[in-house]
Amino acid sequence: MVLWSEFLQLILFKGAAFAVGVTGIMFKKPAEAKSFQRLSGADRKKLRRSIKERFTHATDADIDELLPPKESPSTYDLKLECLSSQTNSMHNHFLIVLMRCNSHLITMTYQSIDGFLSLHTTRESRADMVEISVAKFPNRAHVYSIEGGFPILFDVDGRGSELFPTVFALWKVPELLPAFVLKGGEVSRFVISGADLMFPGISIPPDGLPPFLAGQPWSVKVPGNNAPIAVGSTMMSSAEAVKAGLRGKALHILHCYHDSLWESVEGQLVPNAGFLEDMVIEDPALVEVSTEQASSEEVHNDSVHLHDTNANETHEKVMDAEAATPEQSAGVSARIEVEGDTASQMTSNFGTLRVADEVSATVAEEHTDDKDQHVLSSEEIDILLDKCLLQALHATIKDKDLPMSGSALWSSHVLPCRPAGVTLDIKRSSHKKLSKWLQSKSSAGLISAKEDKHKKEVVLISVNRTHPDYTSFRPEKHKPASAVEGSEVTSSHQARTQLDIVEIYKSTTHVNPILAAVGADPGKYFSASEASEIVFSYIEKENLVKPTNKAIIVLDAALCDALYKGSVKKGSTYPTEIHKKDLGAAFLNRMQVHHRVTRGSDSTIRKGAVKPVQIMSERRQGNKKVTRVSGLESFLMDPESLASELQKKFACSTSVAELPGKKGQHEVLVQGGVIDDLARHLVEHYGINKRYIEVLDKTRK
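These numbers were taken from a predicted model, which means no experiment stands behind them.

K.L.:
Sorry, what's going on with the overall build of the protein chain here?
P.N.:
Scanning the protein chain from terminus to terminus reveals 24 helices and 30 strands. Burial analysis of the protein chain (701 residues in total) assigns 39% to the buried set. Across the protein chain, every contact between residues at least 6 apart in sequence was considered, and the portion connecting residues at least 24 apart equals 59%. Approximately 38,700 Å² of the protein chain is accessible, and the part contributed by carbon and sulfur atoms is 52%.

Take a look at the structure:
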């Protein structure tokens, strides 16, 4: 792999070696272009106009960077002294001579001015002109490229209305398109593998996303790296995205780093060292620069703070604290130790988590501006992580719950223990990854954790409850941030787990005479016992029990038609008797099956038997797994809510899509092979009986 800056002039575009797909990412598989054509001057101008209309952020300089103008002709001037009066008579007259030598066009212009002969020679070389070619594909897609260079643009339908820049063009002009910034480099794995960008994977700025419309071209970037990794079309407008709760698909990826269009350029260029084989991370060069700047700013701020004009006031506060009685000092220390993690304490000291004592916290509050109050340093995040872990180990994690996956520990125990209003991001800590943080705690002896090589995840095995950090920590006595609405959450959880499914039956034309004879309502729904009671009431009323054998029912014309009319083969005789133990099943078989589903206060009746939830795990694009869940509507479950819940539970990307040909029915897609955990989650949290869950694992060989 070669850096873009080192190989910019040596790349060659192999135009016939990429593909255009109908759905999903366009350049997924190699395919042949049906024709190649060099753009004429008029076509170049038209393309420039299309770029300017399509990309409103582009300046003339940006367009020149993408479509270099033809090189200016070389001009030579020569002034010769006139040797005769005959030459002077050529005053203000021109003589133009056109010559062609090989591929050069030479124009020579003579003019006599003030006794001198001026020779003006212009030389144009077609070899020096930058040419643009277009490759046309069978599905009408066009790809524009610089001859001897790289692809710069592609047109989805060949009409000029769906024009998009390639990643090569965006690496030259990064600000050509607005960009969605991912939450981290891990998300880039899914993007460059061809998956559409989901809103949960986007880092939302504090002031929200800028306004945009559906169908607009946007690019995708990784935090800390200015080079875009993909380009696509927005799936919905910003207003629709906010209305949907920033869930669902944000960008339909058309082209990305590592697709066949990128691979068609010889040398496999990358813009910086952050572009790895299977993912994109922050640019190491930018990290070094930002680190140096941060260090210099910190030194500068420290020096300013030491020379603050409020030093006298600070000194007075310190003296007052030292002059306090031992009881008061102990009270202050105890209060900070007990309440240091509470929501109010953490919110008031949001910008300065170094709460060594009450005096330093007070001074820090006065000398911290509003911006600093909303930014936590890596050291402060490390402190907050340790406190949240200790709080979880004391309050919510029991030994019977172990072993526990790292993702479950993080989402269900550590995050709920953070103070209200505080965002806890493991990537901004010094550990950077959840696995490294848990391994560091395991090395310290607080917990025992090991990596599950099958699931590629760190698992919490045990807790050392005799460790000094554990014994010296005083847990909070109030509810954590996630339990502020504890009663509502508990009642909501109970309501969603209270699932009741009852099979019921409705009358048909076959059994209507029997119901009418006993006075039952044909439009009513009956349970199995109620339907059996109706038919036995009819038998008692008509006295159809065989006198010689009380277990046999003698069929009259009405009951015989109700049980067998239309089901007996032609030429066969109708039964005249039936055993009592077979009567109930035969009568129910002639009624229409329905089922009533009740979850909390919601209830619905559907025709037919209960359709089970289907969970299927399959492989996509090599060794990557995806788990599909469908049939949730049968159990009064919201696919969108479940997708959001599974995203937090399994710390993975989820999406919701409508099943083809089944209006109103959706399936939830979960990244990863979580088929067993997902089935267990539906049983434990949604009360679905195991007999209503069908599991199919296509990943097993």
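Alright, that's what it looks like, and here's the rest.
K.L.:
How should I be thinking about the pattern of salt bridges in this particular structure?
P.N.:
Note that side chains of opposite charge can pair when their charged atoms are close. Counting across every chain of the model gives 15 salt bridges. Its salt-bridge partner being Glu 175, residue Lys 221 comes within 3.4 Å of it at the nearest N-O pair. Within this pair, whereas Lys 221 is found in strand 13 (residues 217–221), its partner Glu 175 is found in the loop between helix 5 (167–172) and strand 11 (179–181), the two being separated by 46 residues in sequence. What makes Lys 221 buried here is its relative accessible area of 9%. The partner of Arg 465 in a salt bridge is Asp 399, and the shortest N-O contact between them spans 3.1 Å. With Arg 465 in the loop between strand 19 (457–463) and helix 17 (468–472) and Asp 399 in the loop between helix 14 (378–395) and strand 17 (404–405), this pair connects stretches of sequence that are 66 residues apart. Residues joined by salt bridges that share partners form a network here, namely Glu 186, Arg 189 and Asp 278.

K.L.:
Please clarify how the sheet that holds strand 17 should be interpreted in this entry.
P.N.:
Paired through their backbone hydrogen bonds, the strands of a sheet run either parallel or antiparallel. Here we have 3 strands laid out as an open sheet, ordered 17-19-18, and antiparallel in their pairing. Every interior strand has two partners, whereas the edge strands, strand 17 and strand 18 (447–452), have only one. As defined by bridge partners, strand 18 adjoins strand 19 across 6 bridges and the pair is classed as antiparallel. Pairing of Ile 447 across the sheet is with Val 463, part of strand 19. Strands in contact with helix 16 (residues 434–443) are strand 18 and strand 19; relative to strand 18, the strand with the most contacts, it is inclined by about 140°.

K.L.:
Just to check I follow, could you spell out the nonpolar core for this structure?
P.N.:
A general trend in soluble globular proteins is that nonpolar side chains are found buried together. In terms of nonpolar packing, the biggest core is built from 62 residues, with Tyr 144, Ile 152, Leu 197 and Ile 229 touching the most fellow members. Those residues in contact with Tyr 144, other than ones at most four positions away along the chain, are Leu 39, Leu 47, Ile 132, Ser 133, Val 134, Pro 151, Ile 152, Leu 153, Asp 155 and Leu 163. Ranked by size, the runner-up nonpolar core spans 31 residues in total, among them Leu 385, Trp 410, Tyr 470 and Phe 473.

K.L.:
Where do I start with the confidence of the model for the protein chain in this structure?
P.N.:
Should the pLDDT be low somewhere, the predicted coordinates at that spot are not to be read in detail. A residue-level look at the protein chain finds 70% of positions with pLDDT of 70 or above and a mean pLDDT of 75. Strand 13 holds the highest mean pLDDT among the elements of the protein chain, 94, whereas helix 12 (residues 343–348) holds the lowest, 36. Note that residues 4–23 has pLDDT below 50 and, in this model, 66 contacts with residues that lie over four places away or in other chains. Predicted confidence for residues 479–490 stays below pLDDT 50, and this span has 7 contacts to residues more than four positions away or in other chains.

K.L.:
I'm lost on the sheet that holds strand 7 (residues 132–136) in this one. Help?
P.N.:
Taken together, the 5 strands give an open sheet; going across it, the order is 2-7-8-9-10, and neighbouring strands pair in antiparallel fashion. Only two strands of the sheet have a single partner each, and these edge strands are strand 2 (35–38) and strand 10 (163–165). When strand polarity is set aside, the average angle formed by the axes of neighbouring strands in this sheet is 25°. Where strand 7 and strand 8 (residues 142–146) come together, 5 bridges link them in antiparallel fashion.

K.L.:
Is there a simple way to explain the packing of aromatic side chains in this structure?
P.N.:
Centre-to-centre distance and the angle between the planes together describe a pair of aromatic rings. What the rule picks out here adds up to 11 aromatic pairs. Residues Trp 410 and Trp 437 carry aromatic rings whose centres are separated by 6.3 Å and whose planes lie at 85° to one another, so their mutual orientation is edge-to-face. Of this pair, Trp 410 sits in helix 15 (residues 406–414) while Trp 437 sits in helix 16; the two residues are 27 residues apart in sequence, bridging distant segments of the chain. For Trp 437, a relative accessible area of 0% translates into the label buried. Members of the aromatic cluster, joined through ring pairs, are Phe 150, Phe 168, Trp 171, Tyr 257, Trp 262 and Phe 275. Its end group placed over the ring of Phe 164, Arg 54 keeps NZ or CZ at 4.9 Å from the ring centre.

K.L.:
I tried to follow the side chain of Ser 219 on my own but got confused; where do I start?
P.N.:
By the element assignment, Ser 219 lies in strand 13. The residues contacting Ser 219, other than those within four sequence positions of it, are Leu 170, Leu 177, Pro 178, Ala 179, Phe 180, Pro 228, Ala 230 and Val 231.

K.L.:
Even after reading the chapter, I still don't get the packing of helix 15 against helix 16, so can you show me in this structure?
P.N.:
In helix packing, the relevant descriptors are the interaxial angle and the interaxial distance, both defined with respect to the helix axes. Axis separation between helix 15 and helix 16 bottoms out at 10 Å; the angle between their running directions is 85°. The angle between helix 15 and helix 16 falls in the class roughly perpendicular. Of the residues in helix 16, those in contact with Gly 406, Ser 407, Leu 409, Trp 410 and Val 414 of helix 15 are Leu 434, Trp 437 and Leu 438. Partitioned by chemical class, the residues of the contact of helix 15 with helix 16 number 6 nonpolar, 2 polar and no charged.

K.L.:
What exactly am I supposed to notice about unusual backbone geometry here?
P.N.:
For residues besides glycine, phi is generally negative; the peptide bonds are generally trans as well. Its identity as a non-glycine residue notwithstanding, His 258 has a phi of 85°, on the positive side. The residue His 258 is located in the loop between strand 15 (249–256) and helix 8 (260–263) in this model. Residue His 258 is classed as buried on the basis of its relative accessible area of 19%. Despite not being glycine, Leu 636 shows a phi value in the positive range, around 55°. Inspection of the secondary structure assignment puts Leu 636 in the loop between strand 27 (624–630) and helix 23 (639–650).

The rules behind these values
Residues numbered from 1 in each chain as written. Predicted model: local features only at pLDDT ≥ 70, side-chain atom pairs only at ≥ 80, totals over all residues. Heavy atoms only, no water. Helix = DSSP H or I, 4+ residues; strand = E, 2+ residues; numbered from the N terminus. Buried < 20%, exposed > 50% of the residue type's maximum accessible area, 1.4 Å probe, protein only. Contact = heavy atoms within 4.5 Å. Areas by Shrake-Rupley, 256 points an atom, 1.4 Å probe, with all protein chains shown as cover. Salt bridge = Lys/Arg side-chain N within 4 Å of Asp/Glu carboxyl O. Pairing = 2+ DSSP bridges. Axes fitted to C-alpha atoms, helices over the stretch in contact; angles between N-to-C directions. Core = buried A, V, L, I, M, F, W, Y, C linked by side-chain atoms within 4.5 Å. pLDDT = per-residue confidence, 0-100. Phe/Tyr/Trp six-rings, centres within 6.5 Å; stacked < 30°, edge-to-face > 60°. Lys NZ or Arg CZ within 6 Å of the ring centre and 35° of its normal. Parallel < 35°, antiparallel > 145°, perpendicular 65-115°, else oblique. Nonpolar A, V, L, I, M, F, W, Y, C, P; charged D, E, K, R; others polar.

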